[in-house]
Amino acid sequence: ACDHCLRALETAEENAQRLLGKSSLVLPHPEQCSIRKDLHQQCPRCQVTYCSAECKQAALEQYHQVLCLGPSRDDPTHPLNKLQEAWRNMHYPPETSSIMLMARMVATVKQAKDKEWWIKVFSQFCNKTANEEEEIVHKLLGDKFKGQLELLRLLFTEALYDEHLSRWFTPEGFRSLFALVGTNGQGIGTSSLSQWVHACDALDLPMLQREELDAFIDQLYKDIEKESGEFLNCEGSGLYVLQSCCNHSCIPNAETSFPENNFLLHLTALEDIEAGEEICISYLDCCQRERSRHSRNKILRENYLFTCSCPKCLAQADDADMTSDEEEEGEGETDDAELEDEMTDV
């Protein structure tokens, strides 16, 4: 994906060929793919690729001067490469946090003329108590690597130390920074194949052609799942000041999405919202929201360290604190149709 905005760089056909492990695959309706490879540009020093000249320039002006590896891009002894390799070796689930998002925060401050303005922006994200930060770090790294935070801090310091941000490089400050990104980081999934599917869904086709195309797409996703698994998106992580202010509800009145297949987040109302009414999103996916109050709060406590008191949870407060047999049995299973919907949803 684009190193700045996370827009997919592969065409839908290239994306499908890679995921399927089949270079001979040809997708119908190639005109429904919006990827413009003729617009792609690279950093002349480190060959990092961008989807456009605008993204290349934006990255250069905001943070890339600090993070550009130049001819050291493939040098395993470069401090930034050492940091990324250590992160890859202890990375828990890929969508939870990104050490390079933290690196970009530091690089942005280092490049900025008004450093205090950026520090103030980052300070707007919610902070946790020391005990909560420990829990978040534990959750992100997992039992096996929770003792490796100090190694990450030392590598982070070697690669990026800055006097203006000296507190971020202390043990306490680094843990707080790690927890900040872990708590507020928003996963960003982009996929040219998914965009192509959505575009094909909108085509006005004769019934027979529509049935043939739908059958082709269904089979394609089943074949890709066997070859590569169910998670197909380019995955990144971003920080969004306004979105991070939205609290959770099990009956949200708004939802987030990335319809432009890049890092631009859309917050869309699901119903009329009165002036002064709180805007709430759900930290749970659709399937999780349909589970019992006990199950929902178990997920929220484990991942976000709070117990929900939204109207739905309050209305179910007297329900038994137990997980139903059906939920237990279904935890490791995913309906095929449901899986296909998830895989095609950016």
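Worth saying up front: this structure is predicted, and the values here are computed from it rather than measured. Counting restarts for each chain, with residues numbered from 1 along the sequence as it is written. Per-residue local features are limited, in this predicted model, to residues with pLDDT of at least 70; the limit for side-chain atom pairs, both in listing and counting, is 80 or more; totals at the level of whole chains, interfaces and linings are taken over all residues. Based on all heavy atoms of the structure, the side-chain values leave hydrogens and waters out of the count.

1. Quick word on the packing of helix H4 (residues 99-111) against helix H5 (residues 115-123)
The description of two packed helices rests on the angle between their axes and on the distance between the axes. Cut-off, in case you're wondering: Axis lines are fitted through C-alpha atoms, for helices just across the contact stretch, and the angle between N-to-C directions can take any value from 0 to 180 degrees. In this description a helix means any DSSP run of H or I spanning at least four residues, a strand means any run of E spanning at least two, and both kinds are numbered starting from the N terminus. Working rule for angles: under 35 degrees goes down as roughly parallel, over 145 as roughly antiparallel, 65 to 115 as roughly perpendicular, anything else as oblique. Put simply, a crossing is left-handed when the front helix is turned counterclockwise from the back one by less than a right angle, and right-handed when it is turned clockwise. Working rule for contacts: check all heavy atoms of both residues, and any pair within 4.5 Å makes them a contact. The nonpolar class holds Ala, Val, Leu, Ile, Met, Phe, Trp, Tyr, Cys and Pro. Asp, Glu, Lys and Arg form the charged class, and all remaining residues, Gly among them, are polar.
At a closest axis distance of 8 Å, the pairing of H4 and H5 adopts a crossing angle of 155 degrees. As summarised for this structure, H4 and H5 are arranged roughly antiparallel, according to the angle between their axes. Remark: the crossing between H4 and H5 carries right-handed chirality. Residues Met-105, Thr-108, Val-109, Lys-110 and Gln-111 of H4 touch H5, and the partners they reach there are Lys-115, Trp-118, Ile-119 and Phe-122. Looking at the contact of H4 with H5 residue by residue, the classes come out as five nonpolar, two polar and two charged.

2. Thoughts on the pattern of salt bridges
What counts here: Whenever Lys or Arg places a side-chain nitrogen within 4 Å of a carboxyl oxygen from Asp or Glu, that contact is recorded as a salt bridge.
One pass over the structure, following the stated rule, counts eleven salt bridges. We note a salt bridge from Arg-18 to Glu-10, for which the minimum N-O separation is 2.7 Å. Connected through salt bridges with shared partners, the residues Glu-133, Glu-134 and Arg-175 form a single ionic network.

3. A look at the domain arrangement of the protein chain
Inclusion rule: Domain boundaries shown here were taken from an automatic or database domain assignment. Accessible surface is computed with a 1.4 Å probe, and the buried area is the amount of it that two parts give up when combined, taken over both parts together.
What the domain assignment lists for the protein chain is domain 1 (12-187) and domain 2 (246-318). If you average the C-alpha positions of domain 1 and of domain 2, the two centres end up 26 Å apart. The interface is formed by seven residues belonging to domain 1 together with seven residues belonging to domain 2. Note on domain 1 versus domain 2: buried area summed over both sides is about 560 Å², and carbon and sulfur give 57% of it.

4. Digging into unusual backbone geometry
Basically, it comes down to this: The buried label goes to any residue with under 20% of its type's maximum accessible area, the exposed label to any with over 50%, and the partly exposed label to all in between, with areas taken from a 1.4 Å probe on protein chains only.
For Leu-6, which is not glycine, the phi dihedral falls at a positive 70 degrees. Position of Leu-6 relative to the elements: it lies in the segment before helix H1 (12-20). Given the relative accessible area of 18%, Leu-6 is considered buried.

5. A closer look at helix H9 (residues 192-201)
One full turn of an α-helix is made of 3.6 residues, so residues set three or four places apart face in the same direction. Applicable threshold: Polar contacts here mean pairs of N or O atoms no more than 3.5 Å apart (in protein, one a potential hydrogen donor and the other a potential acceptor; neighbouring residues in sequence count only if both atoms are side-chain atoms).
Burial within H9 is extensive, with seven of its ten residues counted as buried. Every buried residue belonging to H9 is among Ser-192, Leu-193, Ser-194, Gln-195, Trp-196, Val-197 and Cys-200, and all of these are buried. The distance from a side-chain oxygen at the start of H9 to the backbone nitrogen of Leu-193 is 3.3 Å, and the residue carrying that oxygen is Ser-191.

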